[in-house]
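What follows is each chain in one-letter form.
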Amino acid sequence: MVLNVLSEAGSTKFQSILLRIQEVIEEEGLKPGDRMPSERELVSRLEVGRSTVREALRALELLGIITTRRGQGTFLQPHRAHRLVDLLAFYILRDQPSKDNLLEMRGLLERGAARLAALRADREDMDELERIWKKMEKQVLEGNVPVEEDYEFHRRLVRASQNHLLLRVWYPVIQYGQTVRTSSLKRSGRPAEALREHREILDAIRDRDPREAERRLEAHLTAAGFFRTGRDGVKGGI
């Protein structure tokens with residue numbers, strides 16, 4: 001069914017409607033979890049028929065980009081919930097070199113983000129990174145694997161770069177990356193090591209030391225097994 005929707009979405013008119021809905025989302029400053037404008041409002045703003053809007057919303061829901069809650073309305077889904085990512089990754093990341101290039105690209109993005117964060121992070125960024133790290137510490141001390149906290153730390157680090165385009169590029173790279181690797185945090189002893197590495201990254205950013213922040217970030221990714229330069233490229237997971 002989803003593939004049928006993708007085929008339908010291939011028409012120029014349908015693509016135009018989807019792009020206009022995206023523009024509405026950006027104009028409203030909507031974030032994951034926020035309520036979408038009603039179907040009636042979209043019909044008025046897009047100046048198209050109700051059936052056209054309904055089909056566009058149906059496609060977005062099948063792809064996991066939005067979700068409908070009975071009696072409440074339609075809401076944006078978190079970026080990581082999009083089934084579109086899995087579909088695209090199946091076609092884009094079929095060969096190993098492409099998978100390696102993707103993991104390497106994440107490493108390059110986050111190294112740059114760490115350097116910029118050390119120069120630009122404000123008090124809110126630092127407080128949020130500290131809060132996430134403490135949540136990670138709690139999970140590790142309780143014997144849990146802090147997968148979600150790890151993701152949140154890296155997301156906030158990229159956001160602290162104060163480069164919104166970098167953040168927007170990072171999201172799909174992370175999403176595609178989840179389809180080609182498993183988390184190294186499940187290795188024995190790895191959660192405690194990762195906790196220490198995140199602390200070192202955070203301290204370097206707090207000290208306003210961009211070179212050290214970048215170095216610590218690269219060391220973390222290398223220890224995690226997915227940013228290793230060399231003739232054979234990169235290997236491993238998060």
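Residues numbered from 1 in each chain as written. Predicted model: local features only at pLDDT ≥ 70, side-chain atom pairs only at ≥ 80, totals over all residues. Heavy atoms only, no water.

**Remarks on helix H7 (residues 123-141)**
If you check H7, its first and last C-alpha atoms are 27 Å apart, about what 19 residues at 1.5 Å a residue would give, namely 27 Å. Every buried residue belonging to H7 is among Asp 125, Met 126, Leu 129, Glu 130, Ile 132, Trp 133, Met 136 and Val 140, and all of these are buried. Across the axial projection of H7, the buried residues extend over an arc of 165 degrees, all falling on one side. Of the exposed residues in H7, those oriented more than 90 degrees away from the buried face are Arg 123, Glu 124 and Leu 141. Put simply, Asp 122 is the residue that caps the front of H7, since its side-chain oxygen is 3.2 Å from the backbone nitrogen of Glu 124. Within two residues after H7, Gly 143 carries a phi angle of roughly 80 degrees, on the positive side. (Helix = DSSP H or I, 4+ residues; strand = E, 2+ residues; numbered from the N terminus. Expected span 1.5 Å × (residues − 1). Buried < 20%, exposed > 50% of the residue type's maximum accessible area, 1.4 Å probe, protein only. Arc of directions from axis to C-beta. Polar contact = N/O pair within 3.5 Å; in protein donor to acceptor, adjacent residues only side chain to side chain.)

**Observations regarding the environment of Glu 55**
Looking at the secondary structure, you find Glu 55 in helix H4 (residues 50-62). Between the C-alpha atom of Glu 55 and that of Ile 17, which follows or precedes it by 38 residues, the distance is 9.9 Å. Polar contacts involving the side chain of Glu 55 include one to the side chain of Arg 58, which spans 3.2 Å.

**Points about the pattern of salt bridges**
This model, assessed by the stated rule, comprises 27 salt bridges. For the salt bridge of Arg 115 with Glu 214, the shortest nitrogen-to-oxygen distance reads 3.0 Å. With Arg 115 in helix H6 (residues 96-120) and Glu 214 in helix H11 (residues 210-224), this pair connects stretches of sequence that are 99 residues apart. The class for Arg 115 is partly exposed, based on a relative accessible area of 34%. A relative accessible area of 17% means that Glu 214 is categorised as buried. The closest approach of N and O atoms between Glu 197 and Arg 190, which form a salt bridge, is 2.6 Å. (Salt bridge = Lys/Arg side-chain N within 4 Å of Asp/Glu carboxyl O.)

**With respect to a nonpolar patch on the surface**
There is a patch of nonpolar side chains on the surface, built from Met 105, Leu 165 and Val 169 and spanning about 260 Å² of accessible area. Looking at the element boundaries, Met 105 is found in helix H6. (Patch = residues over 30% accessible without salt bridge, like charges linked within 9 Å, V, L, I, M, F, W, Y side chains within 5 Å. Areas by Shrake-Rupley, 256 points an atom, 1.4 Å probe, with all protein chains shown as cover.)

**Some remarks on the packing of helix H3 (residues 39-46) against H4**
The geometry of H3 relative to H4 is characterised by a closest axis approach of 9 Å and an angle of 115 degrees between their N-to-C directions. H4 is crossed by H3, and the crossing has right-handed handedness. Taken together, the residues of H4 that come into contact with H3 (itself represented by Glu 39, Arg 40, Leu 42, Val 43 and Leu 46) are Arg 50, Val 53, Arg 54 and Leu 57. Residue classes in the contact of H3 with H4 are distributed as five nonpolar, no polar and four charged. (Axes fitted to C-alpha atoms, helices over the stretch in contact; angles between N-to-C directions. Left-handed = near helix turned anticlockwise from the far one by under 90°. Contact = heavy atoms within 4.5 Å. Nonpolar A, V, L, I, M, F, W, Y, C, P; charged D, E, K, R; others polar.)

**Description of the packing of H7 against helix H8 (residues 147-159)**
Put simply, H7 and H8 touch, their axes get as near as 9 Å, and they point 165 degrees apart. One element, H7, and the other, H8, form an angle in the roughly antiparallel class. When you trace H7 past H8, the crossing you get is left-handed. Contacts between H7 and H8 pair Glu 124, Asp 125, Glu 128, Leu 129, Ile 132, Lys 135, Met 136 and Gln 139 from the former with Glu 149, Asp 150, Glu 152, Phe 153, Arg 156 and Leu 157 from the latter. Counted by class, the contact of H7 with H8 contains five nonpolar, one polar and eight charged residues. (Parallel < 35°, antiparallel > 145°, perpendicular 65-115°, else oblique.)

**Considering unusual backbone geometry**
At Glu 47, a residue that is not glycine, the phi angle is positive and equals roughly 55 degrees. Here Glu 47 lies in the loop between H3 and H4. Although it is not a glycine, Gln 162 adopts a positive phi angle of roughly 60 degrees. By secondary structure assignment, the location of Gln 162 is in the loop between H8 and helix H9 (164-177). Look at Gln 162 and you get partly exposed, because its relative accessible area is 34%.

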